[in-house]
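Overview (structure and organization)
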Amino acid sequence: MGLLGWFNHDVITVLDFNREDFEVLFSEAVNMEKYAKSRLDILNDKVLALAFFEPSTRTRLSFETAMLRLGGRVIGFSGTEATSMAKGENLADTIRMLDSYANAIVIRHSLEGAAKFAAEIAESPVINAGDGSQNHPTQAMLDLYTIWREFNIIDGLSIGILGDLKYARVVNSLVQALSYYKVKLHLISPELLKPRRELLEFMNSRGMVYDWTDDPHNVIGDLDVLYVVRIQRERFPDPIEYERVKGAYRVDLKLLSRAKPNLVILHPLPRVDEVDFTVDNTHYAKYFRQAGLGVPLRMALLKLILKGGD
Amino acid sequence: MGLLGWFNHDVITVLDFNREDFEVLFSEAVNMEKYAKSRLDILNDKVLALAFFEPSTRTRLSFETAMLRLGGRVIGFSGTEATSMAKGENLADTIRMLDSYANAIVIRHSLEGAAKFAAEIAESPVINAGDGSQNHPTQAMLDLYTIWREFNIIDGLSIGILGDLKYARVVNSLVQALSYYKVKLHLISPELLKPRRELLEFMNSRGMVYDWTDDPHNVIGDLDVLYVVRIQRERFPDPIEYERVKGAYRVDLKLLSRAKPNLVILHPLPRVDEVDFTVDNTHYAKYFRQAGLGVPLRMALLKLILKGGD
Amino acid sequence: MGLLGWFNHDVITVLDFNREDFEVLFSEAVNMEKYAKSRLDILNDKVLALAFFEPSTRTRLSFETAMLRLGGRVIGFSGTEATSMAKGENLADTIRMLDSYANAIVIRHSLEGAAKFAAEIAESPVINAGDGSQNHPTQAMLDLYTIWREFNIIDGLSIGILGDLKYARVVNSLVQALSYYKVKLHLISPELLKPRRELLEFMNSRGMVYDWTDDPHNVIGDLDVLYVVRIQRERFPDPIEYERVKGAYRVDLKLLSRAKPNLVILHPLPRVDEVDFTVDNTHYAKYFRQAGLGVPLRMALLKLILKGGD
């Protein structure tokens, strides 16, 4: 399994890359941490287009900051402007326009497959910043990078993923990314939000070791990493059912009293109340570090795609 | 008729310039094509203000990209933000603010004459990116430039303009720009959307050669260039009349079966369905090239206005 | 009373600084006027985050222009995007994100105390671009700077502040800033919009010389500076009362016929009609100069905070 490579490649799903590619990326990202608050002028002649058909301040700003820190420039649109645009023009023509203006395109879209479609049209590399409910590859790369920065290793870890395992787009990408490593997965969710059959089949086909429970207390003591994603009220047909369930999936000091001493809690953010604010002050809380690493990780990604390795 | 000149000049209508100016612009734009995907640092100390009181992603991003590719910086507003602003402050005060911040101002506004008004107030050069229903000079310059890049000449061409000839703001500017050349114009539109009397009078006063028809089939075989603009449903008092008419003005393979082999189809974009998607794959389709040339053309424009010729 | 200092400091209220700090700032700003339309590359490795939870085109663009003129980069959000974001995430998490991306944060928020709260969370310096109804320190610094540029001195001047003295957020900051100087203050407002008791107590505690009147004609002849703020219709429970009152607080040529020859009229802008447009052409009108000085003043501020004095 050799290097699939980064230079001039699209980033549509994590499965477009492999473990060796991740190692190259992570090694580059460590280097980029030195410049994440200053500047490294290596993409001065590049323009990055951000096509955010769905708003996402955090992901958008981390890409934007990463590009600017590398000396590049950023153009694009997001939110309401994008909505009104989407009405007037088909996606293909919009992508063609951005392709002729910019050197790479970051796209976020509510429709499954939008990023792949864009990549088929554009000559410039296209980076998927989240489409549909299944893919958010750069978030998964960031998640893995944070785990690796915390433990110096990923193989051998026991990793819990807690929350909406059915619809949260990052879950799918994260599990795919973890499939390149020898980890033990504990999937934790209400019955209603269990992983889709496709994800279970994927894990089986890759020989991944996993179990599922609806109660985090059952596995908290075994975890090295607890990855939390939000459970949205709208997923429940019955609001009363939601109210009954949500407390059980809220990470608080009581749950953590049974945790390993060096447990690492991650969250893609933004959070609402699925991680209690009292947890922020514990040494378990690494989600803010995780958010901060989004800039050097994406600097590394942009460098590898637009300029290649050294 | 000598050079009217670009340096430090406003760009309000194409009639502010002449054929010699266009030649200077086009020659500069050819040079800029070399840098349209990289960077030429000649406007490093300049800031361009974009005042888009009306949204226009394509025009806005092409100005923004052009400025960034020249090493400059961009500030401004567009869309909903502009709307709420327009309520709170008169246009004159907004322009004075931008004038004191930036080195040049690009304005787009729904009101006829807004750009001229802005130019009277601002000391910095003002560029009209579309105001009212009559002027969009930089689009017309881009249209001419694309034609010139395709044929190496404009004189002698037979040019059809198809669609809403009454309200589409680019039509007026394009005809004005073409008045500096010896072309044959075929105007093609429904009766309801024929050119305004003022435009006909303008063409007469310039001794332009033109005819009008309501059926593109009548002239398709004679055209070197077919310029298509959208027909908007709202223009028709009776929706049934619109449905009856629109098919006849849709450019498709059937219409093109009677075209000259080197016909060039242009469109200012965005399009809805007035050019059928099957046309995209033919060698006639040059509207994507046209869109892409928007960056080098506007790089040339910004260079000439903010820095002058060499 | 020594220098409190600027380097790496938050700017939450003008009371965080003193007269000596202002002198350092103003001296730096005079220097920056040379570069306010070009560029001085001293913040190349810095990124400024603009967190405008409330829209403010003028303040936002002047910060953005200032940062870009110093070679820095800008990221952020404003207006509707901010609104939707505010729903999904608590302020603390948003600030933590920006803190990890940027080297300094400019915040504008409708809630009193939001800037102070942000400063407590962020490690990077936080600049208050207006929060609640009491603080807008950089506007007050700009106001003082403009006065100083006009008169070369602030001590000894007679300064009128006219309009909504109760809710206009800049009034509080301006009075605080003036407390470091020996000025005579004439406060002019309808009875309903008199200064709050806290502001009166502040002026008393600082031994400031001031009086109040509801009629500008009473004091116009004594003024060196007339600072005008808007009176908003919404402040009046009874619309008829508003209509009756507003004319009396409108600055026009008739009022100015009794002014000193070198009276200076300032206004934070945007204005609606509280300064008549005929006043714009008089030599009294300095509000456009004031707006323009916003860029060099904020260049000086950003330089001192992010790089320090020389």
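These figures come from a predicted structure and were not determined experimentally. (Residues numbered from 1 in each chain as written. Chains lettered and ligands numbered in written order. Predicted model: local features only at pLDDT ≥ 70, side-chain atom pairs only at ≥ 80, totals over all residues. Heavy atoms only, no water.)

One copy of the chain maps onto the other through a rotation about an axis plus a displacement along that axis. Superposing chain A onto chain C takes a rotation of 120° combined with a translation of 0.0 Å along the rotation axis, leaving an RMSD of 0.0 Å. Here the symmetry operator amounts to a three-fold rotation axis. Interface overlap between copies: only 11% of the residues of chain A at the interface are likewise at the interface in chain C, consistent with a contact formed by different surfaces. (Least-squares fit on C-alpha atoms with pLDDT ≥ 70 in both. Contact = heavy atoms within 4.5 Å.)

Each partner contributes to the interface: chain C provides 27 residues, whereas chain B provides 26 residues. In total, about 2,100 Å² of surface goes out of reach between chain C and chain B, with carbon and sulfur atoms giving 48% of it. Its largest share of buried area at the contact with chain B, chain C owes to C:K37, C:R39 and C:R58, together 26% of the area lost on that side. Our count for the chain C to chain B interface comes out at 1 salt bridge. For B:D93, the salt bridge identified is with C:R271, shortest N-O distance 2.7 Å. (Buried area = accessible area lost by both parts, 1.4 Å probe. Salt bridge = Lys/Arg side-chain N within 4 Å of Asp/Glu carboxyl O.)

Residue and element names in this part refer to chain A. Across the sheet, which stays open at both edges, the 5 strands sit in the order β7-β6-β5-β8-β9 with parallel pairing between neighbours. Only two strands of the sheet have a single neighbouring strand rather than two, namely β7 (209–213) and β9 (264–266). Averaged over all neighbouring strand pairs, the angle between strand axes comes to 20°, with direction disregarded. Sheet topology note: the strand β6 (residues 184–188)/β7 ladder contains 5 bridges and is parallel. Within the sheet, the bridge partner assigned to H186 lies in β7 and is D211. Strands in contact with helix α6 (residues 137–151) are β5 (158–162), β8 (225–228) and β9; relative to β9, the strand with the most contacts, it is inclined by about 165°. (Pairing = 2+ DSSP bridges. Helix = DSSP H or I, 4+ residues; strand = E, 2+ residues; numbered from the N terminus. Axes fitted to C-alpha atoms, helices over the stretch in contact; angles between N-to-C directions.)

This brings us to helix α1 (residues 19–32) of chain A. Residue and element names in this part refer to chain A. Relative to the 20 Å expected for 14 residues at 1.5 Å per residue, α1 spans 20 Å between its end C-alpha atoms, a close match to the ideal helical length. Among the residues of α1, D21, F22, L25, F26, E28, A29 and M32 are the ones counted as buried. The arc enclosing the buried residues of α1, seen along the axis, measures out at 165°, which places them on a common side. Buried residues along α1 sit in contact with α6, α7 (169–178) and α11 (287–306). Two to three positions downstream of the cap, the backbone nitrogen of E20 sits 3.0 Å from a side-chain oxygen, assigning the N-cap of α1 to N18. (Expected span 1.5 Å × (residues − 1). Buried < 20%, exposed > 50% of the residue type's maximum accessible area, 1.4 Å probe, protein only. Arc of directions from axis to C-beta. Polar contact = N/O pair within 3.5 Å; in protein donor to acceptor, adjacent residues only side chain to side chain.)

Residue and element names in this part refer to chain B. Here we have 5 strands laid out as an open sheet, ordered β7-β6-β5-β8-β9, and parallel in their pairing. With partners counted over all chains shown, the strands left at the sheet margins are β7 (209–213) and β9 (264–266), one partner each. The average undirected angle you get between the axes of adjacent strands in this sheet is 20°. Its contacts with the sheet put helix α6 (residues 137–151) on β5 (158–162), β8 (225–228) and β9, and the angle it makes with β9 is roughly 165°.

Let us look at the nonpolar core. All names here are of chain C. The biggest cluster of nonpolar side chains holds 90 residues, and the ones touching the most others in it are F22, M141, I161 and L185. Considering each element in turn, this core owes the most residues, 10 residues, to helix α11 (residues 287–306). Those residues in contact with M141 that lie beyond four places of it in its chain are W6, V11, V14, F17, F22, L25, F26, L297 and L301. (Core = buried A, V, L, I, M, F, W, Y, C linked by side-chain atoms within 4.5 Å.)

Along the chain, the position of C:R60 falls in helix α2 (residues 57–69). Sequence separation between C:R60 and C:S100 is 40 residues; the distance between their C-alpha atoms is 21 Å.

With that settled, consider the side chain of B:D131. Residues and elements named next belong to chain B. Within the secondary structure, D131 sits in strand β4 (residues 126–131). From its side chain, D131 meets the backbone nitrogen of A114 in a polar contact 3.2 Å long. One polar contact links the side chain of D131 to the main-chain amide nitrogen of A115, over a distance of 3.2 Å. Not counting residues within four places of it along the chain, the set of residues in contact with D131 comprises H109, L111, E112, G113, A114, A115 and R169.

Of the two same-sequence chains, chain C is brought onto chain B (RMSD 0.0 Å, axial shift 0.0 Å) by a rotation of 120°. Residue by residue, only 11% of the interface of chain C is reproduced at the interface of chain B, so the copies engage with different surfaces.

This paragraph deals with the environment of B:I159. Residues and elements named next belong to chain B. Structurally, I159 is set in strand β5. Separated by 65 residues in the primary sequence, I159 and T94 place their C-alpha atoms 40 Å from one another. For I159, the residues in contact, after removing those within four places along its chain, are I147, L178, V183, K184, L185, H186, L223 and V225.

Averaged over all residues, the pLDDT of chain A is 93; the fraction at 70 or higher stands at 95%. On the interface metric, ipTM, the complex scores 0.94, and its pTM is 0.96. (pLDDT = per-residue confidence, 0-100.)

Tallying each qualifying case throughout the model produces 63 salt bridges over all chains. Two residues, B:E120 and B:K116, come together in a salt bridge whose shortest N-O distance is 3.2 Å. Of this pair, B:E120 and B:K116 both sit in helix α5 (residues 114–121), 4 residues apart, which is roughly one turn of that helix. Judged by its relative accessible area of 58%, B:E120 is exposed. Judged by its relative accessible area of 49%, B:K116 is partly exposed. Residues participating in the shared-partner salt-bridge network are A:D93, A:R96, B:R271 and B:D280.

It is worth spelling out the environment of C:R235 at this point. All names here are of chain C. Tracing the backbone shows R235 in the loop between β8 (225–228) and α9 (239–246). Residue R235 is classed as partly exposed on the basis of its relative accessible area of 31%. The spacing of R235 and L223 is 12 residues in sequence and 27 Å in space, taken between C-alpha atoms. Every residue in contact with R235, bar those within four places of it in the chain, is listed here: D164, Y167, L192 and L193.

Now for the domain arrangement of chain A. All names here are of chain A. Taken domain by domain, chain A consists of domain 1 (2–136 + 293–306) and domain 2 (137–291). Put simply, the middle of domain 1 and the middle of domain 2, counted by C-alpha atoms, are 25 Å apart. Inspection of the domain 1/domain 2 interface yields 3 salt bridges. Note that R149 is salt-bridged to E33, the shortest N-O span being 2.8 Å. (Domains from an automatic or database assignment.)

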